[in-house]
Amino acid sequence: MQKWLPIVLLLLFFSCQKQPNATQDLSPQDQSKIEQQRGDLEASDFKWGYINKKGQLAIKAKFDECKNFVEGRALVRLKDSWGYLDTTGDLVIPAQYQEAYDFSNGLAVVKAYGGKYKFINQDGQAITEAIYDEAKSFSDGLAAVRLNNNWTYINLEGEELDVPAYTEAYQFKDGLAKVQIKGKFGLVDQNLAWVLEANYDKIGPIDEALILVELDQKQSYINRSGQIVFHSQYDKAYSFSHGYAPFKSNGLMGIINGDNEIILKAQYPDIMVAGPDRFFIFQDGYFGMIDENGSTLIPTEMGTILPIKEGKTACMKDDYWAIFDQDGQPLSPFEYGLVWSYADGLARVALFSGIGFVNHEGQIVIEPGYIDVNDFSNNLARVQLYE
């Protein structure tokens, strides 16, 4: 492992430092704890650009920082200000903002130095005035915004909707949004009518058919109409993912399906849903993967394992990484210093010579050689060139 240590540490440093905007459910302030004041961000000695899937430089490296393309626009930073790029490499919205976020539903949240938050369209025209203390990205045609201590929603025309004074409002997901009033949570639909009144202590993620809720330390699952489907009978319940949910009973964990049927008995120290009909188990300090029948697909001897993306996972064993398909079939030997999850059809892999990309068959399609490159999105990947 010693020969890998310098490059792995360097790659980990860069991958942790420069990521695209993460949790969309957070406000710009929450997403940007390290957002700087004017003058704190400086020009980089080594510029960022974009490569295509042939490994060719598609957009010249001239930016101090850049993000993935979303809805045909990418955030780029020039010195201390952010603007937007189109897929041809033209700066279509000048770099002028202290904070700026990905487009969603055709609109983006931005904030000028010394100003408040507003929304702009893809031509850079303001849809709202810069009056909001917090703002979250649009989803399902609505965006949560805060004025003083109260949250509300606006539509795509920038019109505020007549709703109760929420103490917190979250993004919509498939027609539902979580809201909070005086410490209690509920769910509203796109008409902002109550699907589940704000009486609950906790509401889990809302991106599955069944949603975990908690009231007075009792856990239940509701459907997307707000009706209780069943109450949890276990010591602890967890949210559904890919149609399955872990549960804990007498200190051990198992899996149930959406009909509250036990798929895997409570016999594992730790288990999590890895993907459709696939589960990671963790035992005695090692990871493995099993199917819905409990059959071993990847033996429980891996030091680290990545979530299944695009039908693939990656495991680390004895300091080296290999790629596997979702049936546990190896697509590469344990030869890489680091592997990232698949995105846009390719996965990053690290060899001693740098980072490259492999396809779904595990074949190298872009030779390793980059010190800092990110995942592909819309057939382009951000790359920092050390020239």
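My aim in this report is to walk through the structure given alongside it, one point at a time. This one's a predicted model, so the numbers in the text were calculated from it and none came from an experiment.

## Section: the sheet that holds strand β25 (residues 271-275)
And then number 1: Sheet architecture is open: 4 strands sit in the order β25-β26-β27-β28, paired in antiparallel fashion. Strands at the two margins of the open sheet, each flanked by one partner only, are β25 and β28 (296-302). Ignoring strand direction, the axes of neighbouring strands in this sheet form an average angle of 25°.

## Re the packing of aromatic side chains
And then number 1: What the rule picks out here adds up to 14 aromatic pairs.
And then number 2: Centroid distance Tyr 50 to Phe 69: 5.1 Å. Interplanar angle 55°. Geometry classified as tilted. Of this pair, Tyr 50 sits in strand β1 (residues 48-51) while Phe 69 sits in strand β3 (residues 65-70); the two residues are 19 residues apart in sequence, bridging distant segments of the chain. Like Phe 69, Tyr 50 is buried.

## Comments concerning the pattern of salt bridges
And then number 1: Throughout the structure, instances matching the rule amount to 12 salt bridges.
And then number 2: Measuring nitrogen to oxygen at the nearest pair gives 2.5 Å for the salt bridge that ties Lys 47 to Asp 64. With Lys 47 in the loop between α2 (28-31) and β1 and Asp 64 in the loop between β2 (57-63) and β3, this residue pair connects regions lying 17 residues apart in the sequence.
And then number 3: Across the pair Glu 65 and Arg 77 runs a salt bridge whose closest N-O atoms are separated by 3.1 Å. With Glu 65 in strand β3 and Arg 77 in strand β4 (residues 73-78), this pair connects stretches of sequence that are 12 residues apart. The residues Glu 65 and Arg 77 share a single accessibility class, namely buried.
And then number 4: Each member of the salt-bridge network shares a partner with another, and the members are Glu 65, Lys 67 and Arg 77.

## Comments concerning the environment of Glu 129
And then number 1: For Glu 129, the location among the structural elements is in the loop between β9 (117-121) and β10 (134-135).
And then number 2: The sequence separation of Glu 129 and Lys 116 amounts to 13 residues, and the corresponding C-alpha distance is 8.9 Å.
And then number 3: Sequence-distant contacts of Glu 129, that is, excluding residues within four places in its chain, are made with Tyr 117 and Lys 118.

## What about the side chain of Gln 180?
And then number 1: For Gln 180, the position within the fold is in strand β14 (residues 176-181).
And then number 2: Once residues lying within four places of it in the same chain are set aside, the contact partners of Gln 180 are Tyr 166, Thr 167, Glu 168, Tyr 170 and Phe 185.

## Some details on the sheet that holds strand β29 (residues 304-305)
And then number 1: Spatially, 3 strands are ordered β29-β30-β31 in an open sheet, and the strand pairing comes out antiparallel. A strand with exactly one partner marks an edge of an open sheet, and here the two such strands are β29 and β31 (320-325).
And then number 2: As paired strands, strand β30 (residues 312-317) and β31 are joined by 6 bridges and run antiparallel to one another. Counterpart to Ala 314 in the pairing with β31 is Ile 323.

Parameters and conventions
Residues numbered from 1 in each chain as written. Predicted model: local features only at pLDDT ≥ 70, side-chain atom pairs only at ≥ 80, totals over all residues. Heavy atoms only, no water. Pairing = 2+ DSSP bridges. Helix = DSSP H or I, 4+ residues; strand = E, 2+ residues; numbered from the N terminus. Axes fitted to C-alpha atoms, helices over the stretch in contact; angles between N-to-C directions. Phe/Tyr/Trp six-rings, centres within 6.5 Å; stacked < 30°, edge-to-face > 60°. Buried < 20%, exposed > 50% of the residue type's maximum accessible area, 1.4 Å probe, protein only. Salt bridge = Lys/Arg side-chain N within 4 Å of Asp/Glu carboxyl O. Contact = heavy atoms within 4.5 Å.

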